[in-house]
Amino acid sequence: NPTNPQMEESAILERVNCRAKGGAPGFKVAILGAAGGIGQPLAMLMKMNPLVSVLHLYDVVNSPGVTADISHMDTGAVVRGFLGQQQLEAALTGMDVVVIPAGVPRKPGMTRDDLFNINAGIVKTLCEGISKCCPNAIVNLISNPVNSTVPIAAEVFKKAGIYDPKRLLGVTMLDVVRANTFVAEVLGLDPREVDVPVVGGHAGVTILPLLSQVKPPCSFTPEETEYLTKRIQDGGTEVVQAKAGAGSATLSMAYAAVKFADACLRGLRGDAGVVECAFVASQVTELPFFATKVRLGRTGAEEVYQLGPLNEYERAGLENAKRELAISIQKGVSFMKK
Ligand code: NAD
Ligand code: LMR
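Residues numbered from 1 in each chain as written. Chains lettered and ligands numbered in written order. Predicted model: local features only at pLDDT ≥ 70, side-chain atom pairs only at ≥ 80, totals over all residues.

- With an unreviewed UniProt entry as reference, the chain is termed Malate dehydrogenase, source organism Cinchona calisaya.
- Comment text from UniProt for the chain, heading Subunit (unreviewed entry), reads "Homodimer."
- Word for word, the UniProt comment on the chain under Sequence similarities (unreviewed entry) is "Belongs to the LDH/MDH superfamily. MDH type 1 family." (UniProt positions renumbered as here; feature names shortened; annotations may be inferred.)

Rendered as structure tokens:
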């Protein structure tokens, strides 16, 4: 369903192929939950990404309006909209990357885990579609609670016999984006010059910034360490409270999601040295999933990096993070085993 009814499918393909022949690599990207608070700005930013040749926008409501709107942007990607479960397969067929921000967000007083009951089922259905229609796609999973939805997705893919741990990535990029911003504020630097590894998971104490490994090298007082760690861990709650019932982070998340998806696309293109943090299948700890830096390549997360040296504060934080993560991971796995 091209957004421009005058534009035949063959004409769209010609346009995409023509650009590919010109040497510009074009990837096909689907956003599931594209009409939501994250989905809309994410769709806009993806339409601006020169590595995207085809952009599929899927939601259970309002995707035709968002698609019509985005499709008027004079950037290269061809945009198509898909509405409702009966169009899920068409939305997914042939995709290289699938980004999933579908699901309900938090309200003040809720934890991310309170979203489990609704979002677990949504993620399961969408991942079943991926198993069937684009089993080789790289999946960027944003829907909360990420610490449980990633294990759910893995179980769906295992059940379908298509699981490749390298291609399933829980998006923790917003924690890194926040960490870079808050650390830069304390150091008086431009956040673009700062690199803070954030490991563990994506909820409360499972979010573990490694302030001892900040680049450029620097040191913090115990008070600064405490302030920064808490602010990074509570960044999501800070936004939920400020929005006072109108949802959680959407704009900074769309920014972070595009930053991460762009890294995945550059990896797919074959760029060297593309490294970002993500929540992936991992042997770095005794847990089956853990967020650390990973190297993104043609087949997804091709290398999962070790934690590196931790100070005492971080070692204690790691133990707390692992305790909570183990429970959240098990909850996701059990949901699928039921
Ligand atoms: P939102 O309610 O504004 O949008 C969610 C969208 O998902 C809606 O358009 C809704 O129609 C759609 N949707 C619901 N069920 C669907 C289904 N079965 N298939 C396809 N689409 C479906 O919420 P939001 O603010 O965009 O947040 C979405 C999710 O992202 C939430 O779970 C939130 O907690 C999470 N989130 C994660 C991070 C992160 O860092 N990983 C950051 C922010 C938000
Ligand atoms: C965030 O970190 O902003 C998201 O996980 C949304 C939330 O519920 O906090």
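Structure shown, so let's carry the discussion forward.
### Here's the deal with helix α7 (residues 173-187)
Here is step 1: Over its 15 residues, α7 extends 21 Å from the first C-alpha to the last, a length consistent with the 21 Å expected when each residue adds 1.5 Å.
Here is step 2: Buried residues belonging to α7 abut β7 (198-200), β8 (207-209), α8 (222-233), α9 (235-243), α10 (251-269) and β9 (275-281).
Here is step 3: Immediately beyond the C-terminal end of α7, within one or two residues, lies Gly 188, with a positive phi of roughly 70°. (Helix = DSSP H or I, 4+ residues; strand = E, 2+ residues; numbered from the N terminus. Expected span 1.5 Å × (residues − 1). Contact = placed C-beta atoms within 7 Å.)

### Digging into the UniProt feature "domain: Lactate/malate dehydrogenase C-terminal" (unreviewed entry) in the chain
Here is step 1: Under the local residue numbering, the UniProt record ascribes the feature "domain: Lactate/malate dehydrogenase C-terminal" (unreviewed entry) to residues 172-335.
Here is step 2: Note that residues 172-335 is 48% helix and 16% strand, and that its end C-alpha atoms are spaced 22 Å apart.

### Points about the nonpolar core
Here is step 1: Within the largest apolar cluster, 104 residues are counted, with the highest numbers of intra-cluster contacts made by Val 97, Val 98, Ala 153 and Ala 257.
Here is step 2: The biggest single contributor to this core is α10, with 11 residues.
Here is step 3: Here Ala 257 is in contact with Ile 38, Leu 42, Val 99, Pro 101, Asn 140, Ile 142, Val 171 and Met 173, once residues within four sequence places are set aside. (Core = buried A, V, L, I, M, F, W, Y, C linked by C-beta atoms within 7 Å. Buried ≥ 20, exposed ≤ 12 C-beta atoms within 10 Å, placed from the backbone.)

### Examining the site of ligand 2
Here is step 1: In the region of ligand 2, the neighbouring residues are Pro 105, Arg 106, Arg 112, Asn 144, Leu 174, Gly 235, Gly 236, Val 239, Val 240, Ser 248 and Ala 249.
Here is step 2: Per-element accounting of the shell around ligand 2 gives the leading share, four residues, to α9.
Here is step 3: Here the residues of the shell around ligand 2 sort into five nonpolar, four polar and two charged. (Near = placed C-beta within 6 Å. Nonpolar A, V, L, I, M, F, W, Y, C, P; charged D, E, K, R; others polar.)

### Let's talk about the site of ligand 1
Here is step 1: Ligand 1 sits among 33 residues. The nearest are Gly 33, Gly 36, Gly 37, Ala 102 and Asn 144.
Here is step 2: Counting residues per element, the shell around ligand 1 draws most heavily on helix α5 (residues 116-133), at four residues.
Here is step 3: Grouping the constituent residues of the shell around ligand 1 by class yields 18 nonpolar, 13 polar and two charged.

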